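Listed below are the residues making up each chain.
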Amino acid sequence: MIELAARLTTGTVYLAGEALECCITFCHTTQPEHRDSQSHSDILENLAWASAQIHCFFSTSKNTGEKSSPVEKTTALEVTSCDIGDVVFHTKPKILFCDLTIPLGETKTFWYRESLPIEAPPSYRGNLVKYSYKVTIATQKVGSHIRMVRIPFRVLPISPIMNVQDLAALCGNETTDELQPTNPFSEERKVETPLTMALQVLQNLTARRSPNSYMITNTRGKVGRFCLFKSAYRLGEDIVGTFDFSVGTVTCMQVSVSLQPEEIVKKSTPSKNMNKETSSRSMTVARYHEVTLGLTHSQLILPIPLHITPAFDTEEVSLNWRLHFEFVTTNEKLLPSNEENDWNAPLNVAIETMVWNLPVKIYSTLPKQITQTVGNEAYKMVIK
């Protein structure tokens, strides 16, 4: 028998526009129960062909009530699977070999290299839709069926700006002189590619601070002031802000801040003239909560998880992020004055809860900064 083993040598997380590399080995081994009864035909094993390519699968949740459309027809090399979803993107299959003979005990190694397009949709597992990426390796033994092994990996969107011309124009307007010192004596000049330009724009967007202050008010008066130091963040960063309740005329008892995605699905319709319906669901991926009764100032520190998907927009779905605030306020006088020595907390307090949503921009980070909880193990398959 032949054992196929495949492993991604450049990691399991990639930015759109990066290149991945996969090491594929074919080892001719013998089953333990057949070691003493080997024939001449067992010494050599023949494989007709092997190919590798990248697939991006799109699937919808059963909650949408819609049936997934049939998977597009492909050739024998462009292998797909109906249980994974529809193929919305795939690279051209690359032939690793044709008519390969492997003697007993020997191993043949092949390398598969492919670059992801910068406009590729990101990996995403939402409430309603899902994008997943696989490296599909297919092979066929002479006289047998086609066998496949799929290696999952994650793709991060490089930027909401998908147009290469827009990237070049924005890079021409933005400068990185303040962020990266340059060597005037260096003669080397890096060639600008869409990926490097997008990374440059991404660094500029997330490095600069632009504090914004917001006065929180309700129908009864001022609750306080909130200051957010910047509105663009990378995965893994902390969202930092401050609350100033000294300017308020209404007592704020507690505050809760949640980081929530806004998923909008663009349902396809048979007629192009019909308006596309949209649906949205929200969930919480990170939360900050603090009792603020008696406080004049407070600080918000909300870590952005590394496993979430940054903002993106495709033909099927768009994703944005927001901060969801909940303020619990009261008009009653709860705290004692300086003249009062003894004070007991009231048993019942008339409260009022107000909510507020503040959009924030979340971008990708470098894949090497994402800590992988699962090792980059090899995926194996036995070809009999």
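Residues numbered from 1 in each chain as written. Predicted model: local features only at pLDDT ≥ 70, side-chain atom pairs only at ≥ 80, totals over all residues. Heavy atoms only, no water.

Colleague: How should the overall build of the chain be read in this particular structure?
Modeller: Secondary structure assignment for the chain yields three helices and 22 strands. In the chain, which comprises 384 residues, the share counted as buried stands at 40%. Sequence-distant contacts in the chain: of pairs separated by 6 or more residues, those separated by 24 or more amount to 74%. (Helix = DSSP H or I, 4+ residues; strand = E, 2+ residues; numbered from the N terminus. Buried < 20%, exposed > 50% of the residue type's maximum accessible area, 1.4 Å probe, protein only. Contact = heavy atoms within 4.5 Å.)

Colleague: Looking at this structure, I do not really get the sheet that holds strand E22 (residues 379-383). What am I missing?
Modeller: Within a sheet, each strand pairs with its neighbour through backbone hydrogen bonds, oriented either parallel or antiparallel. With respect to topology, four strands assemble into an open sheet ordered E7-E3-E1-E22, the strand pairing being antiparallel. Two strands in the sheet have a free side with no partner beyond their single neighbour: strand E7 (107-115) and E22. Recorded for the sheet is a direction-independent mean angle of 20° between the axes of neighbouring strands. Summarising the sheet, strand E3 (residues 19-28) and E7 pair through nine bridges and their orientation is antiparallel. (Pairing = 2+ DSSP bridges. Axes fitted to C-alpha atoms, helices over the stretch in contact; angles between N-to-C directions.)

Colleague: Help me understand the environment of Ser123 in this model?
Modeller: Structurally, the position occupied by Ser123 is in the loop between E7 and strand E8 (124-125). Judged by relative accessible area, Ser123 falls into the buried class, the value being 11%. For the pair Ser123 and Leu156, spaced 33 residues apart in the sequence, the C-alpha separation amounts to 6.5 Å. Once residues within four sequence positions are removed from consideration, Ser123 is found in contact with Tyr131, Tyr133, Phe153, Arg154, Val155 and Thr309.

Colleague: What should I look at first to understand the packing of aromatic side chains in this one?
Modeller: Here a ring pair, both rings aromatic, is described through the centre-centre distance and the interplanar angle of the planes. With the rule as written, the count across this model stands at 17 aromatic pairs. When the ring of Tyr131 is compared with that of Phe312, the centres are 6.4 Å apart and the planes differ by 75°; the resulting orientation is edge-to-face. You can see Tyr131 sitting in strand E9 (residues 129-141) and its partner Phe312 sitting in strand E19 (residues 312-313), a full 181 residues away along the chain. An identical accessibility class is assigned to Tyr131 and Phe312; each is buried. Between Phe243 and Phe327, the aromatic rings sit 6.2 Å apart at their centres with planes inclined by 80°, giving edge-to-face as the arrangement. Of this pair, Phe243 sits in strand E14 (residues 238-244) while Phe327 sits in strand E20 (residues 317-330); the two residues are 84 residues apart in sequence, bridging distant segments of the chain. The aromatic ring of Phe229 is capped on one face by Arg209, whose charged end is 5.6 Å from the ring centroid. (Phe/Tyr/Trp six-rings, centres within 6.5 Å; stacked < 30°, edge-to-face > 60°. Lys NZ or Arg CZ within 6 Å of the ring centre and 35° of its normal.)

Colleague: What should I look at first to understand the nonpolar core in this one?
Modeller: Taken as a class, soluble globular proteins show a tendency for nonpolar side chains to be buried jointly. Counting 78 residues, the largest nonpolar core has Ile24, Phe26, Ile137, Phe153, Phe243 and Leu259 as its most contacted members. For Phe26, the contacting residues outside a window of four places in its chain are Ile2, Glu3, Leu4, Leu47, Ala50, Phe97, Ile102, Glu106, Thr107, Lys108, Phe110 and Thr139. (Core = buried A, V, L, I, M, F, W, Y, C linked by side-chain atoms within 4.5 Å.)

Colleague: Even after reading the chapter, I still don't get the side chain of Ser298, so can you show me in this structure?
Modeller: For Ser298, the location among the structural elements is in strand E18 (residues 297-303). In terms of polar contacts, Ser298 uses its side chain to reach the side chain of Glu290, at 2.5 Å. With near-sequence residues (within four places) excluded, Ser298 lies in contact with Gly241, Thr242, Phe243, Phe245, Tyr288 and Glu290. (Polar contact = N/O pair within 3.5 Å; in protein donor to acceptor, adjacent residues only side chain to side chain.)

Colleague: Sorry if this is basic, but what is going on with the sheet that holds strand E11 (residues 212-218) here?
Modeller: Taken in spatial order, the four strands make up an open sheet running E11-E12-E14-E18, and their pairing is antiparallel. A single partner strand is all that each edge strand has here, and the edge strands are E11 and E18. Strand-to-strand, the axes of this sheet are offset by a mean angle of 25°, without reference to chain direction. Two elements, strand E12 (residues 221-228) and E14, share four bridges in a ladder whose sense is antiparallel.

Colleague: Even after reading the chapter, I still don't get the confidence of the model for the chain, so can you show me in this structure?
Modeller: Low-pLDDT stretches of the model should not have their predicted coordinates read in fine detail. Per-residue pLDDT for the chain has a mean of 79; in total, 74% of the residues score no lower than 70. Contacts from residues 269-279, a stretch scored under 50 in pLDDT, to residues over four places away or in other chains number 13 contacts. (pLDDT = per-residue confidence, 0-100.)

Colleague: Please explain the pattern of salt bridges as it appears in this structure.
Modeller: Opposite charge on two side chains lets them pair, provided their charged atoms get close. Under the criterion given, the structure shown has eight salt bridges. For Lys141, the salt bridge is made with Glu45, and the minimal N-O distance between the two is 2.9 Å. Taken together, the residues span a long stretch of sequence, with Lys141 in strand E9 and Glu45 in strand E4 (residues 44-60) at a distance of 96 residues. Across the pair, Glu45 and Lys141 agree in class, each one buried. Note that Asp244 is salt-bridged to Arg225, the shortest N-O span being 3.6 Å. Residue Asp244 is found in strand E14, and its partner Arg225 is found in strand E12; the two are separated by 19 residues along the sequence. A relative accessible area of 31% places Arg225 in the partly exposed class. (Salt bridge = Lys/Arg side-chain N within 4 Å of Asp/Glu carboxyl O.)

Colleague: I would appreciate a short explanation of the pairing of E9 in the present structure.
Modeller: Counting buried residues along E9, ten of its 13 residues qualify, which places the element largely inside the surrounding structure. Here E4 runs beside E9; their pairing, made up of 13 bridges, is antiparallel. When the sheet's bridge partners are listed, Gln53 is paired in E9 with Thr136. Of the pairings in the sheet, the one linking E8 to E9 comprises two bridges and is antiparallel in character. Each bridged residue has a counterpart across the sheet, and for Tyr124 the counterpart in E9 is Tyr131. Joining the antiparallel neighbours E8 and E9 is a turn of three residues.

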